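# Coordinates in review
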Amino acid sequence: MTHTTQTGPAIVTRGLTRHFTSHKQTVEAVQGLDLEIGQGELVAFLGPNGAGKSTTLRMLTTLIPPTSGTASVAGHDVVSGQRDVRRAIGFVGQGNGAGHRQLGRDELISQGRAHGLSRADARHRAAELVEDLDLDAVADRKVSTLSGGQRRRLDIAMGLVHLPRVLFLDEPSTGLDPQNRINLQELIQRLHAESGSTVVLTTHYLEEADALAGRVIVVDHGRMIADDTAARLKSRLGDLVRLGFDSATEAARAAARLSRVPDARVDVTVASVDLRVKDGSTLVGGLLADLAADGVPPTRVEVARPTLDDVFLDLTGRSLRETQQSPTDEADTDSARTESEVAA
Ligand SMILES: Nc1ncnc2c1ncn2[C@@H]1O[C@H](COP(=O)(O)OP(=O)(O)OP(=O)(O)O)[C@@H](O)[C@H]1O
């Protein structure tokens, strides 16, 4: 799959903001987002429920207008160039886009026709997508009979019918079992590599952002709090070296010694010392020798590479895993949304 090239960034936002008023209260869902995403990037917005990820995507896909600020996608303003943006993008939302009674292949053909393809071209494109997304076994079944993973693949195929330059995926793997989640992640990576399209997805799965995206934009309370590769976000935080001692006195003596390590952060909890330091796994041998020489050898040593959850914890003081809402809470939030917010 290929598409025509365009110069300049795929996405630019300046001060992008969206407020909602609900029950006389204002929710600042997205607050002053400044962002530039280059063509061909694969970017994940990572953040807890309610962080503003979907609202950002809904503005970028012209489903809702910004309260203030600007955004352009594929060179077109999301407000004044809404039609052009829509022609240039594919959007796979959180709900299933495909209808229930039609056959999968017919859904793809209808979608192609809706994008202005002739019947013959729409059939040809549907056949290409069935092959590309491994949909052979399901293309000639009614959509209502497909499994969650198959539906998601069909939804993604629907979003790709018109060769979009920018593909938006809102929580593509939510609700899938771990194996289907991995299959879908592989599919997204392959599509991205083959098409050269810009792919922007939202997720609250740390592993997904880590494994999939070249760039991770961490959002919380409507603001961007970090923007880098997963590897750099983690390496900046440094490894965790956790040392256990026989007594609090020994731990305090060891902490005093360890506080001399350059660019390290030392935290003492009773008889345990946590040291955050770059390349901790390499340094640990020398540190143990120093502590033994000072007469305070640890009784327990653990070295852990940081995860994206550690990054989130460091940035916000909260664990991303622990901020996840129950599915019931999510359903309540969704039901509060109305179609009236969708731009005409
Ligand atoms: N139509 C709406 N009316 C009122 N509040 C809304 C509306 N849409 C979103 N919000 C609120 O805006 C905030 C951001 O929501 P958003 O859906 O963008 O978050 P999210 O990061 O995508 O979360 P999730 O992972 O649950 O989808 C939340 O507080 C949400 O309740």
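Residues numbered from 1 in each chain as written. Predicted model: local features only at pLDDT ≥ 70, side-chain atom pairs only at ≥ 80, totals over all residues.

### Examining the overall build of the protein chain
A tally of helices and strands in the protein chain yields 12 helices and 14 strands. Expressed along its principal axes, the backbone C-alpha trace of the protein chain runs to roughly 80 × 50 × 45 Å. For the protein chain, the proportion of its 344 residues judged to be buried stands at 39%. Taking as baseline every contact in the protein chain between residues at least 6 positions apart, the subset at least 24 positions apart corresponds to 68%. (Helix = DSSP H or I, 4+ residues; strand = E, 2+ residues; numbered from the N terminus. Buried ≥ 20, exposed ≤ 12 C-beta atoms within 10 Å, placed from the backbone. Contact = placed C-beta atoms within 7 Å.)

### Observations concerning the sheet that holds strand S6 (residues 89-92)
Through backbone hydrogen bonds, the strands of a sheet pair up, either in parallel or in antiparallel fashion. As summarised here, the arrangement of the 6 strands in space is S6-S7-S8-S3-S9-S10, forming an open sheet in which the pairing is mixed. Each edge of the open sheet is held by one strand with a lone partner, namely S6 and strand S10 (223-228). Geometrically, the sheet is characterised by an average inter-axis angle of 15° between neighbouring strands, direction not taken into account. Pairing of strand S3 (residues 42-46) with strand S9 (residues 215-220) involves 4 bridges; the strand directions are parallel. Paired with Val-43 across the two strands is Arg-215, which belongs to S9. (Pairing = 2+ DSSP bridges. Axes fitted to C-alpha atoms, helices over the stretch in contact; angles between N-to-C directions.)

### Observations regarding helix H5 (residues 148-160)
Between the first and last C-alpha of H5 there are 19 Å, a value that for 13 residues agrees with the 18 Å anticipated at 1.5 Å per step. In terms of burial, H5 is largely enclosed, as 11 of its 13 residues are buried. Of all the residues in H5, the buried ones are Gln-150, Arg-151, Arg-152, Arg-153, Leu-154, Asp-155, Ile-156, Ala-157, Met-158, Gly-159 and Leu-160. Here the buried face of H5 lies against S6, helix H3 (104-114), helix H4 (119-132), strand S7 (166-170) and helix H6 (178-195). (Expected span 1.5 Å × (residues − 1).)

### Describing helix H8 (residues 230-237)
Among all positions of H8, only Ala-230, Leu-233 and Leu-237 are buried. What you see down the axis of H8 is that its buried residues fit within an arc of 70°, all on one side. Of the residues in H8, the exposed ones pointing more than 90 degrees away from the buried face are Ala-231 and Arg-232. Tucked inside the fold, the buried residues of H8 contact helix H7 (206-212), S9, S10, strand S13 (272-277) and helix H11 (308-316). Immediately downstream of H8, the backbone of Gly-238 shows phi near 85°, a positive value. (Arc of directions from axis to C-beta.)

### Examining the environment of Asp-246
Here Asp-246 is to be found in the loop between strand S11 (239-244) and helix H9 (248-258). In this structure the C-alpha to C-alpha distance between Asp-246 and Arg-300, which are 54 residues apart in sequence, comes to 9.4 Å. Here Asp-246 is in contact with Ala-271 and Thr-299, once residues within four sequence places are set aside.

### What to know about the domain arrangement of the protein chain
Split into domains, the protein chain comes out as domain 1 (11-231) and domain 2 (239-305). Averaged C-alpha coordinates put domain 1 and domain 2 at centres separated by 45 Å. (Domains from an automatic or database assignment.)

### Some words on the pairing of S7
With 5 of its 5 residues buried, S7 lies for the most part within the structure. Taking every second residue as pointing to the same face, both faces of S7 are buried, with Val-166, Phe-168 and Asp-170 on one and Leu-167 and Leu-169 on the other. In terms of strand pairing, S6 meets S7 through 4 bridges, oriented parallel. In the sheet register, Val-92 faces S7, and the bridge partner there is Leu-169. Two elements, S7 and strand S8 (residues 198-203), share 5 bridges in a ladder whose sense is parallel. Counted as the bridge partner of Leu-167 is Val-199 from S8.

### Regarding the confidence of the model for the protein chain
Caution applies to low-pLDDT parts of the model: their predicted coordinates are not meant to be read in detail. Looking at the protein chain as a whole, its pLDDT mean stands at 86, while 90% of the residues score no less than 70. Across the protein chain, element-level confidence peaks in strand S4 (residues 68-73) with a mean pLDDT of 98 and bottoms out in helix H12 (residues 327-335) with 37. Overall fold confidence (pTM) sits at 0.81, and the ipTM for the predicted complex is 0.97. (pLDDT = per-residue confidence, 0-100.)

### A short note on the nonpolar core
Counting residues in each nonpolar core, the largest one holds 70 residues, and the members touching the most others are Val-73, Val-166, Ala-209 and Val-216. In this structure Ala-209 touches Ala-44, Leu-46, Thr-203, Val-216, Ala-230 and Leu-308, once residues within four positions along its chain are discounted. Core analysis: the second largest hydrophobic core is formed by 12 residues, Leu-243, Leu-258, Val-273 and Leu-275 among them. (Core = buried A, V, L, I, M, F, W, Y, C linked by C-beta atoms within 7 Å.)

### Some points on the pairing of S8
Counted residue by residue, S8 has 6 buried out of 6 residues, so it is predominantly covered. Pairing of S3 with S8, which is carried by 5 bridges, proceeds in the parallel orientation. Among the inter-strand pairings, Val-43 is bridged to a residue of S8, identified as Val-200. Viewed along the sheet, the connection from S7 through H6 into S8 turns out right-handed. (Right-handed = clockwise from strand over helix to strand, strands pointing away.)

### Re the packing of H5 against H6
Running from N to C, H5 and H6 cross one another at 15°; their axes reach a closest spacing of 10 Å. Taken together, the axis directions place H5 and H6 in an arrangement best described as roughly parallel. H6 is crossed by H5, and the crossing has right-handed handedness. Residues Gly-148, Gly-149, Arg-152 and Arg-153 of H5 form the contact with H6, whose own contacting residues are Asn-180, Asn-183, Leu-184 and Leu-187. (Parallel < 35°, antiparallel > 145°, perpendicular 65-115°, else oblique. Left-handed = near helix turned anticlockwise from the far one by under 90°.)

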